[in-house]
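Observations on the model geometry
One letter stands for each residue in the lines below.
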Amino acid sequence: MFPDLSEQLRQREQQGLLRQRKILESPQSTHVTMDGRDYLAFCSNDYLGLANHLDLIESASKGARRYGVGASASHLINGHSSAHHVLEEALAEFTGFPRALLFSTGYMANIGVVTALVGREDAIFADKLNHASLNDAALLSRAEFIRYPHDDLARLEQQLSSSNARRKLVISDAVFSMEGDIAPISELLAVCEKHQAMLLLDDAHGFGVLGRQGRGSLFLPDCTPIHSPNIIYMATLGKAAGVFGAFVAAQAEVIETLIQSARSYIYTTATPPLLAQALITSLKLIQQDEWRRDALTQNIVRLREALQSLPWKLLPSSTPIQPLLIGESAVAVCISQRLRERGILVPAIRPPTVPPNTARLRISLSAAHQPHDVLCLAEALQEIALQA
Ligand SMILES: *Cc1c(COP(=O)(O)O)cnc(C)c1O
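So, how was this worked out
Residues numbered from 1 in each chain as written. Predicted model: local features only at pLDDT ≥ 70, side-chain atom pairs only at ≥ 80, totals over all residues. Heavy atoms only, no water. Near = heavy atom within 4 Å. Polar contact = N/O pair within 3.5 Å; in protein donor to acceptor, adjacent residues only side chain to side chain. Areas by Shrake-Rupley, 256 points an atom, 1.4 Å probe, with all protein chains shown as cover. Helix = DSSP H or I, 4+ residues; strand = E, 2+ residues; numbered from the N terminus. Nonpolar A, V, L, I, M, F, W, Y, C, P; charged D, E, K, R; others polar. Buried < 20%, exposed > 50% of the residue type's maximum accessible area, 1.4 Å probe, protein only. Pairing = 2+ DSSP bridges. Right-handed = clockwise from strand over helix to strand, strands pointing away. Contact = heavy atoms within 4.5 Å. UniProt positions renumbered as here; feature names shortened; annotations may be inferred. Patch = residues over 30% accessible without salt bridge, like charges linked within 9 Å, V, L, I, M, F, W, Y side chains within 5 Å. Salt bridge = Lys/Arg side-chain N within 4 Å of Asp/Glu carboxyl O. Core = buried A, V, L, I, M, F, W, Y, C linked by side-chain atoms within 4.5 Å. Domains from an automatic or database assignment. Buried area = accessible area lost by both parts, 1.4 Å probe.

Our focus in this paragraph is the site of the ligand. Lining the immediate environment of the ligand, one finds 14 residues, of which G106, Y107, D202, H205 and K239 sit closest. One of the side-chain N or O atoms of K239 is found 2.6 Å from an oxygen atom in the ligand. Considering the ligand on its own, with 380 Å² of exposed area, one finds that the protein chains cover 81% of that surface. With three residues, helix 5 (residues 106-117) is the largest single contributor of residues to the shell around the ligand. A class-by-class count of the residues in the shell around the ligand yields two nonpolar, nine polar and three charged.

This is the structure in structure tokens:
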């Protein structure tokens, strides 16, 4: 029926690029059952170990009993429940912005924000290593799309000063998802303020993990958090928060603009209120349980120490994303496969997701990993390195 599709798939397979899903048969955790076998896993974004927490499960069940299972309407028709509303207010308060707005996913939040705020007469300036959803959003917006080399603020500054676009929007991951490094947020903001540009920060991997009480990357400085009316803050709720969804926090007029014109907000069913109910509980645990962030930090330190003598090097990262740089795709895939044979899951990330010749193992740590789990991974890598 579609011979060109079959041909394309066959080529993918020949190049070793055919991606296959594995079937997870247990809750998401540091130990999972997949395709009938138990594994120690370093793949999930459940950084605080909340995805399977009993209090969240209980809140979700309560939410289901109160609101049912489906929202059955969009937010602007009659799907905006009191649980959604309470959660939005709590998120605004927690992140220190006047207002916050829930989206169904981070992907949809990025699409919604960018397309609602900029169009044909405007320009977007984006870090080259940004998440795919931000790039897709930029293309969909029809604004001029200009990219700068990773963290190259001098280049960004040149690009901003030579642009005469009506609105200028700078976009950056706050924590880069394949590198684990943190963007120079204060400096980025200073450049944006100087050139009257808005700054969209995607804190998918920082929210819950970084800053005082897990309030995110803007709260990283010890003294005062970074705040400015120029910032539009986006974070996801399916990673450290352990549930699902995303939110945008910003000035009131930005949020009101999104409600009026973000198409991925308007033309979609509201997420089940039971998820918002679970997230209200998650937010409390994020705030209270400092020990989770402490355990995570200890795991990061432990891993970096334990991997020091390997022939491969960890990228400089202080976040739960710890990429081990391998280089060649085939080698990265082979190491990932050897680990899997030993019952350990670590994904190999290859181009085009990362730049050419920088294939890597992306190790994701969680507060729920035991010290023993981390050492077990380190030992397996040492053994594989000796055989290589
Ligand atoms: C995961 C992720 C997203 C998408 O969030 P979802 O809620 O999974 O759609 C957006 N940006 C970054 C940087 C991410 O890592």
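Moving on, there is more to tell.
When you tally the buried positions in strand 7 (residues 198-202), you get four out of five residues, the bulk of the element. The sheet contact formed by strand 6 (residues 168-173) and strand 7 spans five bridges and is parallel. Residue pairing for strand 7: S172 is matched across the bridge by L201. Remark: the strand 6/helix 8 (residues 185-194)/strand 7 crossover connection has right-handed handedness. Sheet analysis places strand 7 next to strand 8 (residues 231-236), joined by four bridges and oriented parallel. Across the sheet, the residue bridging to L201 is Y233, located in strand 8.

Moving on, we get to the environment of I349. By secondary structure assignment, the location of I349 is in strand 13 (residues 348-349). Separated by 23 residues in the primary sequence, I349 and I326 have C-alpha atoms spaced 9.8 Å apart. Among all residues touching I349, those that are not within four sequence positions of it are M178, V354, A359, R360 and R362.

This paragraph deals with the UniProt feature "binding site: substrate" (unreviewed entry) in the chain. Here the UniProt-annotated "binding site: substrate" (unreviewed entry) positions come out as R19, H131 and T353. On the secondary structure map, R19 appears in the loop between helix 1 (3-14) and strand 1 (31-34). Topologically, H131 is positioned in the loop between strand 4 (123-127) and helix 6 (132-141). Not counting residues up to four positions away in its chain, the partners in contact with H131 are D173, S177 and D202. Polar side-chain contacts of H131 include one of 2.7 Å to the side chain of S133.

With that out of the way, let us pick up the environment of R304. The topology assignment puts R304 in helix 12 (residues 290-306). Separated by 105 residues in sequence, R304 and L199 place their C-alpha atoms 32 Å apart. Excluding residues that lie within four positions of it along the chain, R304 makes contacts with L314, L315, P316, S317 and Q322. Within the structure, R304 has its side chain in polar contact with the side chain of Q322 (distance 2.5 Å).

On the surface, M1, F2 and L5 cluster together into a nonpolar patch covering about 410 Å² of accessible area. When you line up the elements, M1 lands in the segment before helix 1. Of the residues examined, M1 reaches a relative accessible area of 90% and is grouped as exposed.

Here we take up the nonpolar core. Residues V170, F207, F247, L324, L339 and I363 are the most contacted members of the largest nonpolar core, which totals 88 residues. Viewed by domain, this core spans two of them, domain 1 (17-48 + 290-387) and domain 2 (54-288), each represented by three or more residues. If you look at the next biggest cluster of nonpolar residues, it comprises 30 residues, including F103, V114, L169 and V254.

As a further point, take the domain arrangement of the chain. Segmentation of the chain into domains returns domain 1 (17-48 + 290-387) and domain 2 (54-288). Between domain 1 and domain 2, the C-alpha centre-to-centre distance is 27 Å. Each partner contributes to the interface: domain 1 provides 21 residues, whereas domain 2 provides 21 residues. For the pairing of domain 1 and domain 2, the buried interface totals around 1,600 Å² over both sides, and the portion due to carbon and sulfur atoms is 58%. Among the residues of domain 1 in contact with domain 2, Y47, R293 and T319 are the three that bury the most area, contributing 29% of the side total. Our count for the domain 1 to domain 2 interface comes out at one salt bridge. Here domain 1 is connected to domain 2 by 10 residue pairs in polar contact (both at pLDDT 80 or more). Elements that contribute at least two residues to the side of domain 1 that touches domain 2 include exactly helix 12, strand 11 (321-327) and strand 14 (359-364). Among the elements that take part in the side of domain 1 that touches domain 2, helix 12 stands out by supplying three residues, more than any other.

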